[in-house]
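# Structural description and commentary
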Amino acid sequence: MHIWGLLKKMSSILEIKNLNVCFGGIRAVDNISFDVEKGKIITLIGANGAGKSTILRSVSGIVKPTGGDIMFEGESILGLSPDKIVSKGITLVPEGRRVFPNLTVLENLKIGAFLRKDKLTDDIEYVYSLFPRLKERHWQQAGTLSGGEQQMLAVGRALMSRPKLIMMDEPSLGLAPLVVRDIFSIIRTINDDGITVLLNEQNANMALKIADKGYVIETGNLTLEGTGRELLENNSVKEAYLGKSK
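All values derive from a computational prediction rather than experimental measurement.

## With respect to the overall build of the protein chain
What the protein chain contains, in helices and strands, is 11 helices and 10 strands. Its C-alpha radius of gyration of 18 Å places the protein chain within 12% of the 18 Å reference for a compact globule of 246 residues. Each principal axis of the C-alpha distribution contributes one length, and for the protein chain these read about 50 × 40 × 40 Å. Every one of the 246 residues in the protein chain was classed for burial, and the buried ones make up 49%. Once local pairs closer than 6 in sequence are excluded, the contacts in the protein chain between residues at least 24 apart make up 64%. Of the roughly 11900 Å² that the protein chain leaves accessible, carbon and sulfur atoms contribute 51%. Taking the average location of the 31 positive side-chain charges in the protein chain and that of its 28 negative ones, the two points are 1 Å from each other.

## Let's talk about the sheet that holds strand β1 (residues 12-23)
Across the sheet, which stays open at both edges, the 4 strands sit in the order β2-β1-β4-β5 with antiparallel pairing between neighbours. Here the strands that pair on one side only, and so sit at the sheet edges, are β2 (26-37) and β5 (75-76). Relative to β5, strand β4 (residues 67-72) runs antiparallel, the two sharing 2 bridges. Bridging from a neighbouring strand, Met71 pairs with Ser76 of β5.

## Regarding the nonpolar core
Across soluble globular proteins, nonpolar side chains show a tendency to be buried alongside one another. In this structure, Ile166, Ile187 and Ile190 are the most contacted members of the largest nonpolar core, which totals 40 residues. For this core, the secondary-structure elements that each account for two or more residues are α4 (105-111), α5 (121-130), α7 (147-159), β7 (165-169), α8 (177-192), β8 (196-200) and α9 (204-210). Per-element tally for this core: the top contributor is α8, with 7 residues. Setting aside chain neighbours within four positions, we find Ile187 in contact with Ile41, Met168, Pro171, Val197, Leu199 and Ile210. Counting 27 residues, the second-largest nonpolar core is a separate cluster that includes Val21, Phe34, Ile70 and Tyr215.

## Things to note about empty space enclosed by the protein
Considering all chains together, one arrives at 1 cavity of 30 Å³ or more under this definition. Of the volumes computed, that of the largest cavity is approximately 50 Å³. Surrounding the largest cavity, Ser58, Gly61, Val63, Lys64, Pro65, Ile70, Ile77, Leu78, Gly79, Leu80 and Ile85 form its lining. In terms of residue class, the lining of the largest cavity is made up of 7 nonpolar, 3 polar and 1 charged.

## So, the packing of aromatic side chains
Here the structure, examined in full by the defined rule, presents 1 aromatic pair. Where Phe34 meets Tyr215, the ring centres are 4.8 Å apart and the plane angle is 40°; that geometry is what we call tilted. Residue Phe34 is located in strand β2, and its partner Tyr215 is located in strand β9 (residues 213-218); the two are separated by 181 residues in the primary sequence. Relative accessible area serves as the criterion here: at 3%, Phe34 is assigned to the buried category. Taking relative accessible area as the criterion, Tyr215 reaches 3% and is therefore assigned buried.

## Things to note about α5
Taken residue by residue, α5 has Asp123, Ile124, Val127, Tyr128 and Leu130 as its buried positions. Taken end-on, α5 shows its buried residues confined to a sector of 160°, consistent with a single buried face. What points out from α5, more than 90 degrees from its buried face, is the exposed set Thr121, Asp122 and Ser129. Looking at the buried side of α5, the elements it contacts are α4, α6 (132-136), α7 and α8.

Thresholds, definitions, all that
- Residues numbered from 1 in each chain as written.
- Predicted model: local features only at pLDDT ≥ 70, side-chain atom pairs only at ≥ 80, totals over all residues.
- Heavy atoms only, no water.
- Helix = DSSP H or I, 4+ residues; strand = E, 2+ residues; numbered from the N terminus.
- Rg over C-alpha atoms; globule rule 2.2 N^0.38 Å.
- Buried < 20%, exposed > 50% of the residue type's maximum accessible area, 1.4 Å probe, protein only.
- Contact = heavy atoms within 4.5 Å.
- Areas by Shrake-Rupley, 256 points an atom, 1.4 Å probe, with all protein chains shown as cover.
- Lys, Arg positive; Asp, Glu negative; His and termini not counted.
- Charge placed at Lys NZ, Arg CZ, Asp CG, Glu CD.
- Pairing = 2+ DSSP bridges.
- Core = buried A, V, L, I, M, F, W, Y, C linked by side-chain atoms within 4.5 Å.
- 1 Å grid on protein atoms, 1.4 Å probe; cavity = no way out; pocket = protein on both sides within 12 Å on 5 of 7 lines; lining within 4 Å.
- Points joined across faces, edges and corners; volume = space filled by probe spheres on them.
- Nonpolar A, V, L, I, M, F, W, Y, C, P; charged D, E, K, R; others polar.
- Phe/Tyr/Trp six-rings, centres within 6.5 Å; stacked < 30°, edge-to-face > 60°.
- Arc of directions from axis to C-beta.

What follows is the structure in structure tokens.
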């Protein structure tokens, strides 16, 4: 292998290789390949239904690809069950938060650590340091929290497994602008603490501002890639996703 190819392989925590996913004869993801560099924030942007969520669900083992491969830390995870994938260090914060409404904040957090056998105290305190409101409401039922607080809880729950890679599916969806800013600030903090982030986000402006690299997904195809700054300044991205004309 050429030295540059070897260095690239060593720096990538996740490699998507010629990924194909079909639903009832419709190709939702069409031969997509990209890398997620270790320690970086990578974002997928695109319209609703472009295939972004399907990619994240394929990585997490929820969706079974019809072709291609998914490599994590140099090993294929294709065909592994979702719990095995979590045990390797990948977690997904699902779209719509999906907290357990009848359980308390603390109980929801503990569910995020269901594969662990060690003490959880330090990790719970870490989540509370990121989200002080969760600490204030730790005995409150999750279903009574605001949308923003539920999103914080979903992120906190994912962190409880001590992931190397955290994937977030539309974390800003349905949230007020002030809460969105808080969520993106926390994403930066999580990344600064050493966790790689793969983000699927319709709020392209906010996502690209924090991303080291971005990929544009359109109708199941990867059509454009670049640094966050490059994509923010790209005219076609501005017109299609940022509400700005050329």
